[in-house]
Amino acid sequence: HRAIWFYDEPLIQSNTLGLYLLCEKIAGYGIKVLLSGEGADELFGGYDRYRETLLAVRSGKQGAVLLGRNDVAFSRVERFWPGRPRLFPFRETLVSRLQKFEEGNQILIYDQGTYLPHLLQRQDRMGMAHGIEVRVPYLDVLLVELANGLSPNLKIHEREPKYILKKLAERFLPQSVLY
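If you're wondering where the values come from, they're calculated on a predicted model, not measured in any experiment.

On to the packing of aromatic side chains, then. Counted under the stated rule, the structure contains 5 aromatic pairs. An angle of 45 degrees between the planes, with centres 5.6 Å apart, marks the rings of Tyr 47 and Tyr 50 as tilted. The burial state of Tyr 47 is the same as that of Tyr 50; both residues are buried. Judged by centre distance (6.0 Å) and plane angle (80 degrees), the rings of Tyr 47 and Tyr 115 are edge-to-face. One end of the pair, Tyr 47, is in the loop between helix 3 (40-44) and helix 4 (48-58); the other, Tyr 115, is in the loop between helix 8 (103-114) and helix 9 (116-128), and 68 residues separate them in sequence. Since its relative accessible area comes to 23%, Tyr 115 is described here as partly exposed. Grouping aromatic residues by their ring pairs yields a cluster made of Trp 5, Phe 6 and Tyr 20. A cation over a ring is seen here: Arg 49 above Tyr 115, with NZ or CZ 4.5 Å from the ring centre. Over the ring of Tyr 7 we find Arg 125; its NZ or CZ atom is 5.5 Å from the centre of that ring.

A word on the nonpolar core. In terms of nonpolar packing, the biggest core is built from 20 residues, with Tyr 50, Val 65, Leu 66 and Tyr 110 touching the most fellow members. Listed by contribution, the elements that provide at least two residues to this core are helix 4, helix 5 (64-67), helix 7 (89-97), helix 8 and helix 9. Excluding its chain neighbours within four sequence positions, the residues that come into contact with Tyr 50 are Asp 41, Glu 42, Gly 45, Ile 107, Leu 108, Asp 111 and Ile 156. In terms of nonpolar packing, the next biggest core, distinct from the first, is built from 10 residues, Ala 3, Leu 19, Ile 26 and Met 126 among them.

Reading the values: the criteria
Residues numbered from 1 in each chain as written. Predicted model: local features only at pLDDT ≥ 70, side-chain atom pairs only at ≥ 80, totals over all residues. Heavy atoms only, no water. Phe/Tyr/Trp six-rings, centres within 6.5 Å; stacked < 30°, edge-to-face > 60°. Buried < 20%, exposed > 50% of the residue type's maximum accessible area, 1.4 Å probe, protein only. Helix = DSSP H or I, 4+ residues; strand = E, 2+ residues; numbered from the N terminus. Lys NZ or Arg CZ within 6 Å of the ring centre and 35° of its normal. Core = buried A, V, L, I, M, F, W, Y, C linked by side-chain atoms within 4.5 Å. Contact = heavy atoms within 4.5 Å.

This is the structure in structure tokens:
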């Protein structure tokens, strides 16, 4: 598929093809610039793994922020390479720098530095494959700084992902759209 050629790496997420096809369709209308919501999950606690990891951190699990939800994958790898050390120098350095942040913010900022770049690269390549510039307003420097300074309790909520964004959006959108 041409998406693989444009991505220039093996595709590890199947929705990359959907993004490619969406950009192809949109380009057919002559649209050259799109706004993306990319980054909102990593800033405002949109993934379930944030709650799960925060619970693990608070229960004293060592390395919970570093490993996130990879515990399952690592145990599978261990079967094939017993005793193989897990080396994550970049991630370990990042985690050590995050010690000054509250626990929940550590998790979010960690994903901003490790997971989000992959998503942005994918989005950029699939858009550029069709001559579309995809902009990311959630990643405006001032908004990122503001979000990373907020209490994690406003972002990683026990029941509602992106809690603070949804509370703000209630002013503008109906409940049926938000929830």
